Amino acid sequence: MSAQGIPAPPVFGVLGLGETGMDFTGRLVAAGAQVYTYDLDPALVAPSPAVRCTDERAVTAAADVVLSVVTARNAAAAVDAAKDALRPGLLWADLNTAEPQAMRDLDAEVTATGADFVDVSIMARVPGRSIGVPMIASGPHAARFAEILGRFGAHVDVLDAPAGAAAERKLLRSVFYKGMASAIVEAVTAARARGVGDWSVDDIGRELAGLDETSVLPIIDATITHAARRADEMGATAAMLDGFGVPSDMSAASAAQLRRLAGYGEGTTLDP
C-alpha cells in the first residue's frame, strides 16, 4: 500500500514473448509497471525497462502476478519450470487456450504450492486492442485478476465458475469462429484459383454484414431441414475444389456433417 493509501502496483511476470506477451508487456511497462519476462527464444526481447530473466523460475520469484502466454502445449511445462518459486500470495494467470481439464489440472498443481490460479481466455485478436482486448476469467481468484488488470485498462468478464470454465467458453466459441475462418480461407483460395477472388471476398463480407443474433436459430433450422440437399451440394463442392487442386478440408467436412444430419449417419438432431 502506498503512502496515499492507493494499492501499490503489482510486479508482473510475463512468460512467452509472442504477439500477446510482447503486446501486454509493452502496455504494462508504458503504464509504469515493473515487468520481468522470459521466452525460450533468446532473440525475443521485450521493450525496456522490462527485465529479461534467465528462466521461468526467475520470473516467478520476482513477480506478484505471472501471465503465462506460452501456448497451450507449453503451459504445463511452464508451471513445472517455475514450481520452486510458486508461493502463497502469487497469482498465476494462464492465458493459453487449453482444454478445460488441462486448466483444472494446472489449477490443482499451482494451488498445491499455496499460490493462486486463474483461468483466463482472450476472446478477440490482441493487435489494436492490447491489454484492453475482451477477456473472461474463471476460478476463485478471477475477480482479483480482473481488478488488477483493470487498473491497466483491461476488460475482464468474471465467471462464477471454477477454473476450466473460461477455457470451455473460448473453445466453444472457437468451434464457430475458427471454423468460419477456415471456411473463408478455403472459399477465397478456391475463388482466387479461378480468378474471382475479389468477388468472393465481397460476397462473404455482404453475407456476414447481414447477420445478427436473430439469424442464428434460423440457420440451424434450415441446415437440418435441407441437410440432404446441402450434403450433395457440399460433396460436389469438395469434388470441384479437388479438381482445381485446392484442398477441400472444410467442404468435405461440411458434406460429412450434413450427411449425418440428414440421417445417413448416426445422430440426426442437435438435441443433447
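Residues numbered from 1 in each chain as written. Predicted model: local features only at pLDDT ≥ 70, side-chain atom pairs only at ≥ 80, totals over all residues. Heavy atoms only, no water.

*Asks:* Help me understand the packing of aromatic side chains, please; the structure alone is not making it clear to me.
*Replies:* Each aromatic ring pair is characterised by the separation of its centres together with the angle its planes make. Applying the stated criterion across every chain yields a total of 2 aromatic pairs. Between the aromatic rings of phenylalanine 12 and phenylalanine 152, the centroid separation amounts to 5.4 Å while the plane-to-plane angle is 80°, which identifies the pairing as edge-to-face. Highlighted residues: phenylalanine 12 in strand β1 (residues 12-15) and phenylalanine 152 in the loop between α5 (142-150) and β8 (155-158), separated in sequence by 140 residues. Taking the relative accessible area as the measure of exposure, phenylalanine 152 reaches 10% and is therefore buried. Seen from their ring centres, phenylalanine 176 and tyrosine 177 are 6.4 Å apart, and the 70° between their planes marks the pair as edge-to-face. Take phenylalanine 176: its relative accessible area is 54%, and that puts it in the exposed class. (Phe/Tyr/Trp six-rings, centres within 6.5 Å; stacked < 30°, edge-to-face > 60°. Helix = DSSP H or I, 4+ residues; strand = E, 2+ residues; numbered from the N terminus. Buried < 20%, exposed > 50% of the residue type's maximum accessible area, 1.4 Å probe, protein only.)

*Asks:* Please explain the environment of alanine 33 as it appears in this structure.
*Replies:* With respect to the helices, strands and loops of the structure, alanine 33 is situated in the loop between α1 (19-30) and β2 (35-38). By relative accessible area, alanine 33 is classed as buried at 6%. When the C-alpha atoms of alanine 33 and tryptophan 92 are compared, they prove to be 17 Å apart, with 59 residues separating the residues in sequence. Beyond its immediate chain neighbours, meaning those up to four positions away, alanine 33 contacts Phe12, Leu28 and Phe152. (Contact = heavy atoms within 4.5 Å.)

*Asks:* Which parts of the structure should I look at to understand the pairing of strand β4 (residues 65-68)?
*Replies:* Strand residues, when the strand is regular, have side chains that alternate between the two faces of the sheet. The alternating pattern of β4 places Val65 and Leu67 and Val66 and Ser68 on opposite faces, both of which are buried. Strand direction decides the pairing type here: β1 and β4, joined by 4 bridges, are parallel. Looking at β4, one finds that leucine 15 is bridged to serine 68. Relative to strand β5 (residues 91-94), β4 runs parallel, the two sharing 4 bridges. Counterpart to valine 66 in the pairing with β5 is tryptophan 92. (Pairing = 2+ DSSP bridges.)

*Asks:* Would you mind showing me how to read a nonpolar patch on the surface here?
*Replies:* Together, Val216, Leu217, Ile220 and Ile224 make up an exposed nonpolar region whose accessible area comes to about 320 Å². Within the secondary structure, leucine 217 sits in helix α8 (residues 216-225). (Patch = residues over 30% accessible without salt bridge, like charges linked within 9 Å, V, L, I, M, F, W, Y side chains within 5 Å. Areas by Shrake-Rupley, 256 points an atom, 1.4 Å probe, with all protein chains shown as cover. Salt bridge = Lys/Arg side-chain N within 4 Å of Asp/Glu carboxyl O.)

*Asks:* Explanation requested: the pairing of β1 in the structure shown.
*Replies:* By the alternation rule, side chains of β1 split into Phe12 and Val14 and Gly13 and Leu15, which are all buried. Pairing between β1 and β2: 4 bridges, direction parallel. Bridge assignment links valine 14 to a residue of β2, and that residue is threonine 37. Following the chain from β1 across α1 to the adjacent parallel β2, one finds a crossover that is right-handed. (Right-handed = clockwise from strand over helix to strand, strands pointing away.)

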